[in-house]
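# Inside the fold
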Amino acid sequence: MSTTTQYQFVIRGGRPLVGEVEISGAKNAVVAILPAVILADEPCIIENVPNISDVEISLRILTELGAKVERLAADKYRIDATGIRSACVPYESARKMRASYYFMGALLGRFGHSRVSMPGGCPLGDRPIDQHIKAFRKLGAVCKVDRGMVDITSDGLKGNQIFFDVVTVGATMNAILAAVKAEGLTVIENAAKEPHIVDLASFLNSMGADIMGAGTDTIKIRGVKYLRGTSYAVIPDQIEAGTYMVAAAATGGNVLVKNVIPKHLESIISVMEKIGVKIEQFDDSVRVSVDGPLVKTSIKTRPHPGFPTDMQPQVSTLLCLADGTSMIKEGVSEQRFQYVEELRRMGADIQVDGKVAVIEGTGSLTGAPVKACDLRAGAALMIAGLAASGVTTIEDIYHIERGYSEMEQKLRALGAEITKEPVAAVNPVRRQTEQDAV
Ligand code: EPZ
């Protein structure tokens, strides 16, 4: 049986990150903007597209549906979706990426029907899509789950009032995608306000859509019949930027993080300054350095503009290096502390009780063999490995490559000692440790 080679990152830590890093396009924006091209009646050019596996999967699904995808540059694509005739995204394609649910709203918005696989399981706990379905039904669609596929049909979508019972990024995006060509006015209440929602609305408005209020909790959409082609650049990734900011602080380095929108980083900057990190802000960059001890703090993750849940694992790692007892409360995801077990292998002292983690700052970490269990957990382990003394190996790095483009190259350019290597069939160090533990 042919086995695909698994890779790991090997990091020799303890070196401060110094230099400049360029932030790529936002993953959580582009995974909605690429499906949104389905709604266009002419070809579109999308720029500042990050080189990540979620983009590869999205482009593959578009191609399977019948769109013509042409790569014009490393981060630039021309996509002509006018030839799409299918509204069905099979399980095999959809299961690889949770955000494939955006094809539900985009295909429904264009064709009045869609058939897309339910999103697969996720290490972040229960992540239902009931609010997505609620939005589609409010617009007049009939939704049913049939053998793992979400089958959505309608006799033509009509604008309506949609009130979300929880603040949900995905359902807000999907409601916009489905409503943008619906007949009449749609008002979304209790909408999510993340920068990537504003980016999706800006992209659609650049094609002639009529969306107002994105970025607030009330979004008004007047349906239009025609969406012209456009050329659009995706916003920089606020979470990638935050991740490199934390890595600079955790290694006691000095890094200029370029191609950012400082306004999108306000809550991240506020938390990092509370921890004692020095941050200088410029028009489209921030400089991160540390000129004193890191100090304990308490944080709760919240929907935007609160501190983002997608930065929780990374900041937990930073707090392991701070003096004193810190506390992090996860206010958005159902479960988001699976990475703690792996950090403990590196000497972290963290107790988790439900949605609260109590972190005893030990001031240092030691390298160990660890495994990424999800995207941001993997980023946290990268940060831990960079800050730790000794060697850290991180397996299952496909999680990290879903959302961070060229991470090892960007870190190496900052002075990190990091390589990507095939995983030996059995990693003797890790397996031996596990046997000892039995
Ligand atoms: C998006 O996920 C992001 N993914 C996540 O980023 C991010 O963690 C999350 O928003 C919160 O900011 C993408 O944008 C592709 P939600 P999403 O719908 O849309 C509940 C990363 O690391 N909920 O805002 O799935 C849900 O259970 C990823 O880049 C319902 O109850 O998140 C959760 O507790 C991880 N019913 C809360 O809302 C629904 O129908 C927020 O979920 C939908 C959500």
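Everything discussed here concerns the structure shown above.
Rules of the game
Residues numbered from 1 in each chain as written. Predicted model: local features only at pLDDT ≥ 70, side-chain atom pairs only at ≥ 80, totals over all residues. Heavy atoms only, no water. Pairing = 2+ DSSP bridges. Helix = DSSP H or I, 4+ residues; strand = E, 2+ residues; numbered from the N terminus. Contact = heavy atoms within 4.5 Å. Axes fitted to C-alpha atoms, helices over the stretch in contact; angles between N-to-C directions. Disulfide = S-S within 2.5 Å. Near = heavy atom within 4 Å. Polar contact = N/O pair within 3.5 Å; in protein donor to acceptor, adjacent residues only side chain to side chain. Areas by Shrake-Rupley, 256 points an atom, 1.4 Å probe, with all protein chains shown as cover. Nonpolar A, V, L, I, M, F, W, Y, C, P; charged D, E, K, R; others polar. Domains from an automatic or database assignment.

## With respect to the sheet that holds strand 6 (residues 88-89)
Within a sheet, each strand pairs with its neighbour through backbone hydrogen bonds, oriented either parallel or antiparallel. Strand order in the open sheet formed by 4 strands is 6-7-9-8, and the pairing between neighbours is mixed. Both edges of this open sheet fall to strand 6 and strand 8 (142-146), since each of them pairs with a single strand only. Strand direction decides the pairing type here: strand 8 and strand 9 (residues 149-153), joined by 5 bridges, are antiparallel. What sits directly across from Val145, in strand 9, is Val150. The strands touched by helix 4 (residues 102-111) are strand 6, strand 7 (113-117) and strand 9; relative to strand 7, the strand with the most contacts, the crossing angle is about 160 degrees.

## Here's the deal with the state of the cysteines
Taken as a whole and judged by the stated rule, the model has 0 disulfides. A disulfide-free cysteine, Cys320 has its sulfur positioned 14 Å from the sulfur of Cys373, the nearest such atom.

## Some words on the sheet that holds strand 15 (residues 254-258)
With respect to topology, 4 strands assemble into an open sheet ordered 2-15-17-16, the strand pairing being mixed. Each having just a single partner strand, strand 2 (18-22) and strand 16 (278-281) make up the two edges of the open sheet. Each strand of the sheet is rotated relative to its neighbour by a mean of 15 degrees, with strand direction disregarded. In the sheet, strand 15 pairs with strand 17 (residues 285-289) via 5 bridges, with the strands oriented antiparallel. Note that in strand 17 the partner of Val255 across the bridge is Val288.

## Re the site of the ligand
Around the ligand, the structure places 27 residues, and the nearest of them are Asp130, Gln131, Thr168, Val169 and Asp310. With respect to the ligand, the side chain of Tyr101 contributes an N or O atom lying 3.0 Å from an oxygen atom. Here Thr168 contributes a side-chain N or O atom positioned 2.7 Å from an oxygen atom of the ligand. Protein burial of the ligand: of its 810 Å² of free accessible surface, 89% is covered by the chains. When residues of the shell around the ligand are traced back to their parent elements, those giving at least two are helix 1 (27-36), helix 5 (130-138), helix 6 (169-179) and helix 12 (375-387). Residues of the shell around the ligand, tallied by class, amount to 12 nonpolar, 6 polar and 9 charged. Taken together, domain 1 (7-24 + 236-437) and domain 2 (27-233) each give at least three residues to the shell around the ligand, which thus spans both.

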